[in-house]
Amino acid sequence: AAALTLIFGSRLVLWALFSSEFVAGAEVLAVLSVSLVGLSLGWCYNTFLIHQGDYATVVALDLFSIVFMTCLFWAGIILDAPLVYLAWAYSMSYALCGALYAFTVWRKYGVEFLHSAAALAAVAFVVLIAAYVIARFESNYLSAAFLTLSFASGAWWLRRQLAAKRLGAWL
């Protein structure tokens, strides 16, 4: 929800928090919001691996992700890419980081530790990419329809999860 808010309302958020001079960075903020899914997934599995005492894996995964991001940044600098490219490099690096953490936990500890977090993160990532594309059309109707569908789907999923927990207690 926060990432959707930043994608569709990046201009307003920057204007409200800072000033109209910062509104030029709205595109960068919208792209950076895509990284929230990878950051969240990576943080959760990072914490799990640290709890398991698997420090070498944590260091290896974090090192790989940072080296990958650094290479993308250097490529952007060499190619004289715009600032938004660096935001995309950051977001894609953390998407890869989250995916690597999920894959590693699945391979080392089994599917029971994966739960539905990785699938939910993949869906959220696709939704955020779609939101970014739709927001670039600058159509209020299309944006409102997408946001309504997204939040309604999220509310339906959450209600279904809560109902499953309640029914599970009965069974």
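In the block above lies the structure referred to throughout.
Source: prediction; values computed, not measured.

About the thresholds
- Here the residue index of a chain counts from 1 through its sequence in written order.
- Local features in this predicted model are restricted to residues whose pLDDT is 70 or higher, and side-chain atom pairs enter the listing and the counts only when it is 80 or higher, whereas totals over whole chains, interfaces and linings include all residues.
- By convention in this description, side-chain values take in all heavy atoms of the structure and omit both hydrogens and water.
- Here, nonpolar core means buried Ala, Val, Leu, Ile, Met, Phe, Trp, Tyr and Cys residues that are tied together by side-chain atoms lying within 4.5 Å of each other.
- Per-residue accessibility, obtained with a 1.4 Å probe over protein chains only, is compared with the maximum for each type, and a residue is labelled buried under 20%, exposed over 50%, and partly exposed between these values.
- Numbered from the N terminus, helices here are DSSP runs of H or I no shorter than four residues, and strands are runs of E no shorter than two.
- Note on contacts: a residue pair qualifies if any of its non-hydrogen atoms lie within 4.5 Å across the two residues.
- Axis geometry follows a simple rule: fit a line to the C-alpha atoms, using only the stretch in contact for helices, then measure angles between N-to-C directions, giving values from 0 to 180 degrees.
- Put simply, angles under 35 degrees are roughly parallel, angles over 145 are roughly antiparallel, angles from 65 to 115 are roughly perpendicular, and the rest are oblique.
- It is the rotation of the near helix from the far one that decides the hand of a crossing: anticlockwise by less than a right angle makes it left-handed, clockwise makes it right-handed.
- By the convention adopted, Pro, Cys, Tyr, Trp, Phe, Met, Ile, Leu, Val and Ala count as nonpolar, Lys, Arg, Asp and Glu as charged, and the other residues, Gly among them, as polar.
- Each reported salt bridge corresponds to a side-chain nitrogen of Lys or Arg within 4 Å of a carboxyl oxygen of Asp or Glu.

Draft legend 1. Structural detail: the nonpolar core. Within the largest apolar cluster, 24 residues are counted, with the highest numbers of intra-cluster contacts made by Ile-7, Tyr-45, Leu-49, Tyr-101 and Leu-128. For this core, the elements supplying multiple residues, two or more each, are helix H1 (2-17), helix H3 (35-51), helix H4 (55-78), helix H5 (83-109) and helix H6 (117-136). Beyond its immediate stretch of four places on either side in the chain, Leu-49 contacts Asp-54, Thr-57, Val-58, Leu-61, Tyr-101, Val-105 and Tyr-109.

Draft legend 2. Representation of the environment of Ser-40 within the structure. Residue placement: Ser-40 occurs in helix H3. Along the chain, Ser-40 and Ile-66 lie 26 residues apart, while their C-alpha atoms are 16 Å from each other.

Draft legend 3. The packing of helix H2 (residues 26-33) against H6, seen in detail. Between H2 and H6, whose axes approach to 9 Å, the crossing angle comes to 160°. In terms of orientation, H2 lies roughly antiparallel with respect to H6. Residue-level contacts link Glu-27, Ala-30, Val-31 and Ser-33 of H2 to Leu-128, Tyr-132 and Arg-136 of H6.

Draft legend 4. The environment of Val-23, seen in detail. Tracing the backbone through its elements, the reader meets Val-23 in the loop between H1 and H2. Measuring from C-alpha to C-alpha, the distance between Val-23 and Phe-113 comes to 42 Å, with 90 residues separating the pair along the chain. Beyond its immediate stretch of four places on either side in the chain, Val-23 contacts Arg-11, Leu-14 and Trp-15.

Draft legend 5. A look at the packing of H1 against H2. Relative orientation of the contacting elements H1 and H2 amounts to 160°, with a least axis distance of 8 Å. Taken together, the axes of H1 and H2 lie roughly antiparallel to each other. In terms of crossing hand, the pair formed by H1 and H2 is right-handed. The segment H1 lies against H2, with Ala-3, Leu-6, Ile-7, Ser-10, Arg-11, Val-13 and Leu-14 engaging Ala-26, Leu-29, Ala-30 and Ser-33. Tallied by class, residues from the contact of H1 with H2 come to eight nonpolar, two polar and one charged.

Draft legend 6. Molecular detail of H2. Turning to H2, its buried residues number three or more, namely Ala-26, Leu-29, Ala-30, Val-31 and Ser-33. Lining the buried residues of H2 we find H1, H3, H5 and H6.

Draft legend 7. Expanded view of unusual backbone geometry. With phi around 55°, Asp-80 is a residue other than glycine that occupies positive phi space. Residue placement: Asp-80 occurs in the loop between H4 and H5.

Draft legend 8. Local environment of the pattern of salt bridges. Tallied over the entire structure, the rule returns three salt bridges. As a salt-bridge pair, Arg-11 and Glu-138 come within 3.2 Å of each other at their nearest N and O atoms. A residue pair is termed long-range when its members are at least 10 positions apart, and Arg-11 in helix H1 and Glu-138 in the loop between H6 and helix H7 (140-170) qualify at 127 residues. The exposure class assigned to Arg-11 is partly exposed, which follows from its relative accessible area of 43%. Among the residues examined, Glu-138 registers a relative accessible area of 59% and is labelled exposed. Two residues, Asp-54 and Lys-108, come together in a salt bridge whose shortest N-O distance is 2.7 Å. A residue pair is termed long-range when its members are at least 10 positions apart, and Asp-54 in the loop between H3 and H4 and Lys-108 in helix H5 qualify at 54 residues. Since its relative accessible area comes to 12%, Asp-54 is described here as buried.

Draft legend 9. The arrangement of the side chain of Ser-91 in detail. The topology assignment puts Ser-91 in helix H5. Ignoring sequence-local partners within four residues, the contact set of Ser-91 consists of Val-31, Leu-32, Val-34 and Ser-35.

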